[in-house]
Amino acid sequence: MKNQIVLLPILLSVLGVGTARLGAQTTGAPHLEQRGAATQLIVDGKPFVMLSGELHNSSSSNLEYMKPIWPKLKELGLNSVVTPLSWELVEPKEGAYDFALVDGLIEQAQAADQKIVFLWLASWKNGLSSYIPVWVKQDAKRFPRQVVKGEPVEILSPAGTATQAADAKAFAALMKHIKAVDSRHTVLMMQVENEVGVLGASRDRSAEANKAFAGQVPAELTAYLKAHRDTLYPEFKDLWLANGARTAGTWTEVFGDSERADEIFMAWQYARFIHAVARAGKAEYDIPMYVNTWLAGETTPPGDYPSGGPEPRVLDVWKAAGPGLDFYSPDLYAANFTEWCKRYHRDGNPLYMPETRGREAGAANVFYALGEEAGFGFSPFAIESEASETDPLRESYRAISAVAPLLAASQSAGLVHGFVLDRDRRMVDFTMQGVTLRVSLDNSFDGPAAGGYGFIMATGKDEFVGVGKGFRVTFTARGEKKVGIAAVDEGSFVDGKWVAGRRMNGDEDEQGVAWRFDPKQVRTEKLTLYWME
Ligand code: DGJ
């Protein structure tokens, strides 16, 4: 058919990108892989772009409750669901595991054509220990509590070695079970714990924690500081340098006598514990595992947010603490979305967002996260409350879903840019394949659009595919020659093949001046350029 162009194979063959498998994962299991410029989640041999949502905390504790939710999720355009799973329901009595819920959730997900990321809500959930089994809650001697402001609190101390062993044992049993029942790779990844850190103080002052705090900074951490001196997160590096760049000493000697040193110490405490839990799980079934973060405000003191969680400024501490975890993620509700994405998408850490805003904000931000930061997953919280036919997230997810293989190939090739524009940020420039693209708010017949978002992929020689709404693009060649717009077609991808719709070279294209995506609906369009001497 004349208008059908097979774009993806062309792009892939042009790319010639190298691939590298990260870690020593189980053959065939979901895993992360460096493919060209992007770290991607590979499922059954192919990159999987996760268009997800996270369920409310309690929804997935009951299979009957979940039944009507699955079709809604599919209708919203999801291909995967971030699904809480608590230690108390998996091991209600010590050593007696109950995997009926796990099996049921996997079966329901398969029937609904969805994948799952399980949230292991175990020792900590939002800094607290509300999801631990009663036999752990009852035994403060074996499973010691944190001491905050001079008082023991009902929160497990990460210094508790028996606690670590019990959590790790249950998690290992869970991973063994998932491996046994999930030959179809429905379970993609595991989040280990949820938003960990001390609340109410900058550090745990239990006897064990105090003892560790009075001791030396472990050699693994000081060796990491030396080896990664040039790439340490700037704020962390500045703190270390300001305290003399010492490579031995107590926590206060190396990091100063401040709440920041307390936070670094707690990061080490939690990281060591959770790496150990993850390692025990991976020994049974090696799929990607990560920890999420309750983000600190710019000037909020540690303890007002969970002190020790994988904030950007202590990410190096988490990385130094072991090889159990594959990456770290922001729970990103903050206004400066793009800045936080960059803080996590650095130094080998890929961007995946288990929790973020949905609706209008999510519908826009997903384009930036996946397009500009090569993210492999996006997941608004409380997704089952969002599902409606008019939710703007649905429109974005459906459009991205249709181009997902092309997006993944473009991420690998480093040939995609994403953006979110509004009245405060009206314009952005990108250069791809020797051409500068100026993307600005669409100036439609009704005046300038209030907002615009999308991504643009360079898909072949002088050819671009754009997805989004509310923006316009003009092109300038670098060098002597000039470029013009040859043609703009709207269209869609059907089984990886471009099927063109209307030719848009008139009003819709400002008569060849700009590539326009009007603010009414998310569109997918293909543009070709021509060159003038
Ligand atoms: C962040 C937590 O990680 C979620 O489990 C949930 O409690 C939300 N906050 C609620 O806003």
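The present account deals with the structure reproduced in this document. (Residues numbered from 1 in each chain as written. Predicted model: local features only at pLDDT ≥ 70, side-chain atom pairs only at ≥ 80, totals over all residues. Heavy atoms only, no water.)

**Remarks on the overall build of the protein**
A tally of regular secondary structure across the protein gives 18 helices and 27 strands. Here the protein has a C-alpha radius of gyration of 24 Å; the compact-globule value for 533 residues is 24 Å, and the two agree. Dimensions of the protein, computed from the C-alpha atoms along their principal axes, are close to 75 × 55 × 45 Å. Sorting the 533 residues of the protein into buried and exposed places 58% on the buried side. Long-range contacts, defined here as pairs at least 24 residues apart, represent 72% of the contacts in the protein between residues at least 6 apart. Just so you have it, the protein exposes about 20,900 Å², and 51% of that area is on carbon and sulfur atoms. (Helix = DSSP H or I, 4+ residues; strand = E, 2+ residues; numbered from the N terminus. Rg over C-alpha atoms; globule rule 2.2 N^0.38 Å. Buried < 20%, exposed > 50% of the residue type's maximum accessible area, 1.4 Å probe, protein only. Contact = heavy atoms within 4.5 Å. Areas by Shrake-Rupley, 256 points an atom, 1.4 Å probe, with all protein chains shown as cover.)

**Observations concerning the site of the ligand**
The full set of residues close to the ligand is Asn-57, Lys-125, Asn-126, Asn-194, Glu-195, Asp-331, Glu-355 and Phe-381. Separating an oxygen atom of the ligand from a side-chain N or O atom of Asn-57 is a distance of 3.0 Å. Within the side chain of Lys-125, an N or O atom sits 2.8 Å from an oxygen atom of the ligand. Contact with the protein chains removes 72% of the 290 Å² of surface that the ligand exposes when unbound. The residue inventory of the shell around the ligand, partitioned by class, reads 1 nonpolar, 3 polar and 4 charged. (Near = heavy atom within 4 Å. Polar contact = N/O pair within 3.5 Å; in protein donor to acceptor, adjacent residues only side chain to side chain. Nonpolar A, V, L, I, M, F, W, Y, C, P; charged D, E, K, R; others polar.)

**Some words on the pattern of salt bridges**
Counting across every chain of the model gives 27 salt bridges. Notably, a salt bridge pairs Arg-145 with Glu-154, separated by 2.9 Å at the nearest N-O pair. What makes Arg-145 buried here is its relative accessible area of 8%. Among the ionic pairs, Asp-347 bridges to Lys-319, the shortest N-O distance being 3.3 Å. Note that Asp-347 is positioned in the loop between α14 (337-344) and β14 (352-356) and Lys-319 in helix α13 (residues 315-320), a separation of 28 residues in sequence. One network of salt bridges, with partners in common, ties together Glu-235, Arg-260, Glu-263 and Arg-313. (Salt bridge = Lys/Arg side-chain N within 4 Å of Asp/Glu carboxyl O.)

**Re helix α15 (residues 359-372)**
Compared with the 20 Å implied by 1.5 Å per residue over 14 residues, the 20 Å span of α15 between its first and last C-alpha is a close match. Maximum bend of α15: about 30 degrees, positioned at Asn-365. Here α15 lies mainly inside the structure; 10 of its 14 residues are buried. Regarding α15, the residues found buried are Gly-362, Ala-363, Ala-364, Asn-365, Val-366, Phe-367, Tyr-368, Ala-369, Leu-370 and Gly-371. Trailing α15 by a residue or two, Ala-374 shows a phi angle of about 50 degrees, which is positive. (Expected span 1.5 Å × (residues − 1). Bend = angle between axes of the 7 residues up to and from the residue.)

**Examining unusual backbone geometry**
Here the phi dihedral of Asp-44 falls at roughly 50 degrees; this positive angle occurs in a residue that is not glycine. Relative to the helices and strands, Asp-44 is located in the loop between β4 (38-43) and β5 (46-47). When its relative accessible area of 46% is taken as the criterion, Asp-44 is described as partly exposed. Notably, Glu-195 is not glycine yet its phi reads approximately 45 degrees, a positive angle.

**Side note on the sheet that holds strand β13 (residues 327-332)**
The 8 strands lie next to each other as β6-β7-β8-β11-β12-β13-β14-β15, forming a closed barrel whose pairing is parallel. If you compare each strand with its neighbour and ignore which way they point, the axes differ by 30 degrees on average. By the bridge criterion, 6 bridges tie strand β8 (residues 115-125) to strand β11 (residues 187-194) in an arrangement that is parallel. Residue pairing in the sheet places Ile-116 in a bridge with Val-187 of β11. Most of the contacts of helix α5 (residues 100-111) go to β8, to which it runs at about 150 degrees, and overall it touches β7 (80-86), β8 and β11. (Pairing = 2+ DSSP bridges. Axes fitted to C-alpha atoms, helices over the stretch in contact; angles between N-to-C directions.)

**Quick look at the packing of aromatic side chains**
According to the stated counting rule, one finds 26 aromatic pairs in the structure shown. Centroid distance Phe-419 to Phe-430: 6.1 Å. Interplanar angle 35 degrees. Geometry classified as tilted. With Phe-419 in strand β16 (residues 416-422) and Phe-430 in strand β17 (residues 427-432), this pair connects stretches of sequence that are 11 residues apart. Given a relative accessible area of 3%, Phe-419 falls into the buried group. Three or more aromatic residues joined by ring pairs make a cluster, and in this case those are Phe-419, Phe-430, Phe-464, Phe-471, Phe-475, Trp-515 and Phe-517. The side chain of Arg-203 reaches across the aromatic face of Phe-213, ending 3.7 Å from its centre. A cation over a ring is seen here: Arg-343 above Trp-340, with NZ or CZ 4.3 Å from the ring centre. (Phe/Tyr/Trp six-rings, centres within 6.5 Å; stacked < 30°, edge-to-face > 60°. Lys NZ or Arg CZ within 6 Å of the ring centre and 35° of its normal.)

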